[in-house]
Amino acid sequence: MPSDSAAATSDPMISARGLRKSFTSREGAIVEAVKGIDIDVRRGEAFGFLGPNGAGKSSTMRMIAAVSPVTGGELRILGMDPAEHGPAIRSRLGVCPQEDTLDNELNVFDNLYIYGRYFGIAKREVRRRADELLDFVQLGEKRDAKVESLSGGMKRRLTIARSLINQPDILLLDEPTTGLDPQARHILWDRLFRLKQEGVTLVITTHYMDEAEQLCDRLVVMDRGVVAAEGSPSELISRYSTREVAELRFPVGDHEATAEKVADLGDRVEVLPDRLLVYAADGEHVLEQVHARGLRPVATLARRSTLEDVFLRLTGRTLVD
Amino acid sequence: MASTSPAEVTSAPFRDDRALTAWQGVGRQLDYHWTVYKRTWKSSAVSSFLSPLLYVVAMGVLLGRFVHVSPARLEGATSYLAFIVPGLIAAQAMQTALFETTYPVLAGIKWHKSFWAQLATPLATRDLANAMLAFAMFRVATTCGVYFLVMAPFGVFATWWGPLLAWLATVLVGMAFATWTFALSARVEGPDSFGLVFRLGMIPLFLFSGSFFPISNLGPVLAWVARCTPLWHGVSLTRMLCVDDVDPTTAAVNVAVLTCLLVVGWWLAVASLRRRLAT
């Protein structure tokens with residue numbers, strides 16, 4: 001039964017309750033990748049999974065993509081159960097995997113064309129969409145080029161174009177900019193913004209804080225298979241961090257000892273291998289106090305709090321490997 | 001938390017929830033295999049037609065000049081050439097099937113990763129296996145079909161309809177092999193095992209399954225071993241049809257064995273790929 005549009009708007013595009021995934025590793029041990037998460041993704045929003053490698057982001061994405069069976073809990077995508085309606089769900093998803101699965105031996109256009117045909121889209125319509133999408137991802141001039149000859153950024157854009165060939169309701173992007181240079185990342189972000197404006201629901205996994213802040217309306221921070229926090233980037237920052245952070249670099253090995261001398265200057269102090277982070281409302285003020293106490297850091301920086309600070313607070317670890 | 005009733009409402013699919021039929025699943029991949037084939041057919045044509053032709057000339061024509069035995073010793077064939085050609089075509093069916101279901105399967109899993117891309121679409125694992133096997137069948141059918149056509153002017157076929165049925169038999173031979181090697185390829189980690197398949201499987205079968213000499217030459221014990229190999233059933237069936245000397249019981253056993261291999265192999269192929277691609 002097709003539901004009316006009003007109901008469709010209010011229903012979550014993706015809903016997970018107590019979602020779990022475990023699998024047996026090659027060594028025979030049972031690995032619990034996802035340990036019971038609750039998620040609701042609403043129509044038209046950009047939703048992010050932020051977390052380090054091994055946090056369970058990709059496992060969650062594969063379950064949402066209806067290619068990996070759910071171990072436990074409940075998952076509904078577009079209102080459907082992936083165990084029963086896998087093909088129907090996949091026909092309405094766009095998937096941009098972490099690892100390129102483009103056919104290197106075919107040209108750019110053929111990659112889109114054959115993929116569109118998998119969805120049963122008529123030949124003429126696939127050709128029209130393929131050309132349109134190549135323009136959208138700025139690869140029109142590369143139409144007849146072999147995929148092998150494309151740069152990493154171009155391949156990723158082609159993968160995104162491919163994932164849009166079936167005009168999906170939800171676009172799943174697994175670490176879309178990992179391995180790309182800064183310029184390529186910005187081009188990609190720009191295209192994703194445009195898609196969001198057109199009403200496509202985006203689900204993004206990333207371990208880049210700046211990417212999550214740029215792209216996501218709402219996100220969950222995942223760590224070791226559970227959701228550590230959920231909210232918009234600004235909500236998370238105000239809930240779990242101070243407004244600003246003062247970063248202090250001392251000679252290596254001095255950080256632990258120095259931390260005690262500045263502990264009272266902020267709400268909290270984090271000791272990292274290469275620097276001290278003092279969390280406070282006014283970063284510049286902290287730096288002044290540090291100098292007033294006769295401490296001489298090698299380098300200093302006062303900055304706004306970011307999602308990385310949130311993550312550090314929640315897990316005691318930095319995100320970057 | 002989702003209570004029972006709203007969950008039931010939202011679990012009603014918005015659109016089509018029908019799984020694809022097997023025909024749709026294969027049909028949607030036609031353009032893929034056709035696009036790839038358009039790029040590769042020239043090189044594959046040379047290798048699949050030239051080497052059989054060389055075999056026919058060297059073994060059938062040139063070596064055959066030294067072979068003068070009665071048709072009774074040649075399973076009803078009137079010349080050594082007429083004896084060897086059906087065997088060579090049946091062996092060609094096996095070889096083509098093996099090549100199409102070893103490296104291409106592993107490429108889909110590990111190198112091109114085309115299977116992973118396809119799995120993100122409405123296609124299911126069964127559809128991926130079916131389409132690749134269907135393409136292997138197309139390759140076997142065209143390669144053997146051309147082989148039969150090229151051999152016709154040599155006057156080695158007893159009737160016009162015999163080779164036509166024999167052509168269908170070679171397709172059956174090819175697929176009886178293709179499904180099993182597909183299953184194996186879906187399970188191996190790397191291409192090293194393919195060398196073993198070719199050297200310890202394909203070549204001994206090619207040499208000792210009755211393609212080049214009657215298996216009675218092997219002596220009673222080894223002849224029975226040869227009768228247990230799938231290629232012998234293929235060679236036997238193809239030759240009986242080509243020389244128009246069909247023993248109905250033997251033919252029925254040949255067809256039954258090859259069909260059983262095909263059905264079990266297909267089941268194994270789909271199950272193996274499903275296991276490999278499960279995450």
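Residues numbered from 1 in each chain as written. Chains lettered and ligands numbered in written order. Predicted model: local features only at pLDDT ≥ 70, side-chain atom pairs only at ≥ 80, totals over all residues.

With respect to the overall build of chain B
Reasoning step 1: Along chain B, the regular secondary structure elements total 12 helices and zero strands.
Reasoning step 2: The order of helices and strands in chain B, counted from the N terminus, is α-α-α-α-α-α-α-α-α-α-α-α.
Reasoning step 3: Expressed as lengths along the three principal axes of its C-alpha atoms, the size of chain B is roughly 85 × 40 × 35 Å.
Reasoning step 4: Among the 279 residues that make up chain B, the fraction classed as buried is 46%.
Reasoning step 5: A fraction of 81% describes how many contacts in chain B between residues 6 or more apart in sequence connect residues 24 or more apart. (Helix = DSSP H or I, 4+ residues; strand = E, 2+ residues; numbered from the N terminus. Buried ≥ 20, exposed ≤ 12 C-beta atoms within 10 Å, placed from the backbone. Contact = placed C-beta atoms within 7 Å.)

Overview of the overall build of chain A
Reasoning step 1: Secondary structure assignment for chain A yields 12 helices and 13 strands.
Reasoning step 2: With respect to the principal axes defined by its C-alpha atoms, chain A has extents near 75 × 50 × 45 Å.
Reasoning step 3: Looking at chain A as a whole, 46% of its 321 residues are labelled buried.
Reasoning step 4: When contacts within chain A are restricted to residue pairs at least 6 apart in sequence, long-range pairs at least 24 apart make up 68% of them.

Points about the confidence of the model for chain B
All names here are of chain B.
Reasoning step 1: Averaged over every residue, the pLDDT of chain B is 89; residues scoring 70 or more account for 94%.
Reasoning step 2: Note on residues 1–15: pLDDT is under 50 here. Beyond four places in sequence and across chains, it has 26 contacts.
Reasoning step 3: Model confidence for the complex: the whole-complex pTM is 0.86, and ipTM, which rates the interface, is 0.85. (pLDDT = per-residue confidence, 0-100.)

Section: the sheet that holds strand E7 (residues 201–206) of chain A
Residue and element names in this part refer to chain A.
Reasoning step 1: In spatial order, the strands read E5-E6-E7-E3-E8-E9; together these six strands make up an open sheet with mixed pairing. Each edge of the sheet is formed by a strand with only one pairing partner; in this case those strands are strand E5 (93–96) and strand E9 (226–231). Neighbour-to-neighbour, the strand axes of this sheet turn through a mean angle of 15 degrees, independent of strand direction.
Reasoning step 2: Inspection of the sheet shows E5 paired to strand E6 (residues 170–174) by four bridges, in the parallel sense. Looking at E6, one finds that Gly-94 is bridged to Leu-171.
Reasoning step 3: Along the sheet face, helix H6 (residues 152–163) touches E5 and E6 and points at about 165 degrees away from the line of E5. (Pairing = 2+ DSSP bridges. Axes fitted to C-alpha atoms, helices over the stretch in contact; angles between N-to-C directions.)

Considerations on the nonpolar core
Reasoning step 1: Ranked by size, the top nonpolar core spans 153 residues in total, and within it Leu172(A) and Met94(B) carry the most contacts.
Reasoning step 2: With 15 residues, the single largest contributor to this core is helix H4 (residues 80–100) of chain B.
Reasoning step 3: Residues within four places of Leu172(A) in sequence aside, it is in contact with Met61(A), Ile64(A), Ala65(A), Leu93(A), Gly94(A), Val95(A), Cys96(A) and Val203(A).
Reasoning step 4: Counting residues in hydrophobic clusters, the runner-up holds 12 residues, among them Ala246(A), Leu248(A), Val269(A) and Ala280(A). (Core = buried A, V, L, I, M, F, W, Y, C linked by C-beta atoms within 7 Å.)

Overview of the sheet that holds strand E10 (residues 244–249) of chain A
All names here are of chain A.
Reasoning step 1: Spatially, the four strands line up as an open sheet ordered E11-E12-E10-E13, and their pairing is antiparallel. With one partner strand each, in any of the chains shown, strand E11 (268–271) and strand E13 (299–304) form the two edges of the open sheet. Across the sheet, the mean angle separating the axes of adjacent strands is 20 degrees when strand polarity is ignored.
Reasoning step 2: Packing against the sheet, helix H11 (residues 283–292) makes contact with E10, strand E12 (276–280) and E13, and its axis sits at approximately 35 degrees to E10.

Concerning the environment of Tyr115(A)
Reasoning step 1: With respect to the helices and strands, the residue Tyr115(A) is situated in helix H4 (residues 108–118).
Reasoning step 2: If we skip the residues at most four places from it in the chain, Tyr115(A) touches Arg162(A), Ile165(A) and Ala117(B).

Some remarks on H4(B)
Reasoning step 1: Helix length check: H4(B) (21 residues) gives 30 Å between terminal C-alpha atoms against 30 Å at 1.5 Å per residue, within 8%.
Reasoning step 2: In terms of residue burial, H4(B) counts as a mostly covered element, since 21 of its 21 residues are buried. (Expected span 1.5 Å × (residues − 1).)

Some details on the pairing of strand E1 (residues 14–24) of chain A
All names here are of chain A.
Reasoning step 1: For E1 and strand E4 (residues 72–77), the ladder comprises five bridges, and the chain directions are antiparallel. Each residue of the ladder has a partner; that of Ser-15, found in E4, is Arg-76.
Reasoning step 2: The sheet contact formed by E1 and strand E2 (residues 30–41) spans nine bridges and is antiparallel. When the bridges of E2 are listed, Phe-23 appears paired with Val-31.
Reasoning step 3: Joining the antiparallel neighbours E1 and E2 is a turn of five residues, in which Gly-28 adopts a positive phi near 95 degrees.

Here we look at the pairing of E6(A)
Both faces of the sheet carry side chains from a regular strand, because those side chains alternate between them.
All names here are of chain A.
Reasoning step 1: Within E6, five of the five residues are buried, leaving the element largely enclosed by the surrounding structure.
Reasoning step 2: Inspection of the sheet shows E6 paired to E7 by five bridges, in the parallel sense. Its bridge partner lying in E7, Leu-171 is registered against Leu-202.
Reasoning step 3: In this view, the connection linking E6 to its parallel neighbour E7 by way of helix H7 (residues 182–197) has right-handed handedness. (Right-handed = clockwise from strand over helix to strand, strands pointing away.)

Comments concerning the environment of Ile204(A)
Reasoning step 1: Its location among the elements puts Ile204(A) in strand E7.
Reasoning step 2: As for Ile204(A) and Ile14(A), which are separated by 190 residues in sequence, their C-alpha atoms are 13 Å apart.

Details of unusual backbone geometry
All names here are of chain B.
Reasoning step 1: In this model, Lys-113 sits at a positive phi of 60 degrees, which is unusual for a non-glycine residue.
Reasoning step 2: Judged by the 19 C-beta atoms lying within 10 Å of it, Lys-113 falls in the partly exposed class.
Reasoning step 3: Backbone geometry places Asp-244, a non-glycine residue, at a positive phi of 55 degrees.
Reasoning step 4: Here Asp-244 shows up in the loop between helix H11 (230–242) and helix H12 (248–277).

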